Amino acid sequence: VFYSGGRARKVPAVSERVILQTILDFSMRASTTLCFVRGHGEPALEGHGERGLSSLHGLLSREGFRSTDLLLAAKPDVPEECEIVVIAAPEKPLLPAERDRLKSFLDKGGRLLVFSEPGRPLEPAKLLEEQGMSAFDAFVVDEESSLFGSEARGTEPIINRFTNYHPVVQGLTERTAVVFSGARP
């Protein structure tokens with residue numbers, strides 16, 4: 001178990017790689033600010049219920065991240081404190097000026113996290129394409145690993161087998177189930 005600044009992390013095994021990753025995680029998270037773009041029908045950081053992000057906001061806070069709203073249309077640039085800009089499933093397209101600000105942010109080494117839902121605009125699609133990314137306007141359907149009682153069988157796949165090739169899945173086992181509700185390929 002590693003401790004830092006009141007936070008603890010239990011790791012499954014101690015190795016040089018795990019120690020280094022934990023040190024990096026603790027040091028990066030101590031000051032990382034995520035700025036959530038607003039103004040296009042995105043779920044609210046403090047919102048509860050199906051479209052709210054209050055659980056995510058609380059989890060990020062417990063892990064040492066700071067989260068704040070960003071009304072990009074009212075700013076000349078992405079503020080310097082924004083280390084990661086999050087676009088969380090907007091219902092309406094971004095304005096061209098907002099896309100330009102995001103491109104400038106990425107060109108300066110900024111990081112962008114995009115949550116996308118089927119049936120909603122993929123924003124900023126052109127910018128993502130320039131970065132070599134794309135997404136289909138479709139659902140991931142897996143009838144074999146569906147959430148029991150789901151209204152639309154297979155549209156809420158459950159993943160419980162993980163490889164340890166990436167730090168984000170280290171420590172997850174078959175007893176850990178991750179549900180991807182409305183996942184988009």
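Placed above this text is the structure.
The paragraphs below set out a description of the structure included in this document. Only a predicted model underlies this, so the values are computations on that prediction, with no experimental measurement involved.

### Considering helix α3 (residues 96–107)
Moving on, step 1. The terminal C-alpha atoms of α3, which comprises 12 residues, lie 16 Å apart, in line with the 16 Å expected from a rise of 1.5 Å per residue.
Moving on, step 2. Those residues of α3 not exposed but buried are Glu98, Arg101, Leu102, Phe105 and Leu106. For α3, the buried positions fall inside an angular range of 135° around the axis, keeping them on one side. Exposed side chains of α3 directed beyond 90 degrees from the buried face belong to Pro96, Asp100 and Asp107.

### As for the nonpolar core
Moving on, step 1. Counting 13 residues, the largest nonpolar core has Val37, Leu70, Val78, Cys82, Val85 and Leu102 as its most contacted members.
Moving on, step 2. The element contributing the most residues to this core is α3, with three residues.

### Details of the side chain of Glu42
Moving on, step 1. Here Glu42 shows up in the loop between β3 (33–37) and α2 (54–62).
Moving on, step 2. This buried residue, Glu42, is left without a salt bridge; Arg38 holds the nearest opposite charge, at 4.5 Å.
Moving on, step 3. For Glu42, the side chain forms a polar contact with the main-chain nitrogen of Gly39, separated by 3.1 Å.
Moving on, step 4. Within polar-contact distance, the side chain of Glu42 engages the side chain of His40 at 2.7 Å.

### Digging into the pattern of salt bridges
Moving on, step 1. Using the criterion set out here, one finds three salt bridges in the structure.
Moving on, step 2. As a salt-bridge pair, Asp69 and Arg38 come within 2.9 Å of each other at their nearest N and O atoms. Residue Asp69 is found in strand β4 (residues 66–70), and its partner Arg38 is found in the loop between β3 and α2; the two are separated by 31 residues along the sequence.
Moving on, step 3. By relative accessible area, Asp69 is classed as partly exposed at 47%.

### A look at the sheet that holds β4
Moving on, step 1. One open sheet holds the four strands; their spatial order is β4-β3-β5-β6, and the pairing between them is parallel. This sheet does not close on itself; its edge strands, each paired only once, are β4 and β6 (111–115). Pairs of neighbouring strands in the sheet enclose a mean axial angle of 25°, with direction left out of account.
Moving on, step 2. Relative to β6, strand β5 (residues 84–88) runs parallel, the two sharing five bridges. Paired with Val85 across the bridge in β6 is Leu112.
Moving on, step 3. Against the sheet, α2 makes contact with β3, β4 and β6, and its axis sits at roughly 165° relative to β3, the strand it touches most.

### Looking at the state of the cysteines
Moving on, step 1. Counted under the stated rule, the structure contains one disulfide.
Moving on, step 2. Between the sulfur atoms of Cys35 and its disulfide partner Cys82 the distance amounts to 2.0 Å. Measuring the twist about the S-S bond at about -90°, one finds the Cys35-Cys82 disulfide to be left-handed. One end of the pair, Cys35, is in strand β3; the other, Cys82, is in the loop between β4 and β5, and 47 residues separate them in sequence.
Moving on, step 3. Judged by its relative accessible area of 1%, Cys35 is buried.

Reading the values: rules and limits
Residues numbered from 1 in each chain as written. Predicted model: local features only at pLDDT ≥ 70, side-chain atom pairs only at ≥ 80, totals over all residues. Heavy atoms only, no water. Helix = DSSP H or I, 4+ residues; strand = E, 2+ residues; numbered from the N terminus. Expected span 1.5 Å × (residues − 1). Buried < 20%, exposed > 50% of the residue type's maximum accessible area, 1.4 Å probe, protein only. Arc of directions from axis to C-beta. Core = buried A, V, L, I, M, F, W, Y, C linked by side-chain atoms within 4.5 Å. Lys, Arg positive; Asp, Glu negative; His and termini not counted. Salt bridge = Lys/Arg side-chain N within 4 Å of Asp/Glu carboxyl O. Polar contact = N/O pair within 3.5 Å; in protein donor to acceptor, adjacent residues only side chain to side chain. Pairing = 2+ DSSP bridges. Axes fitted to C-alpha atoms, helices over the stretch in contact; angles between N-to-C directions. Contact = heavy atoms within 4.5 Å. Disulfide = S-S within 2.5 Å.

Coordinates in, geometry out; function isn't part of it.
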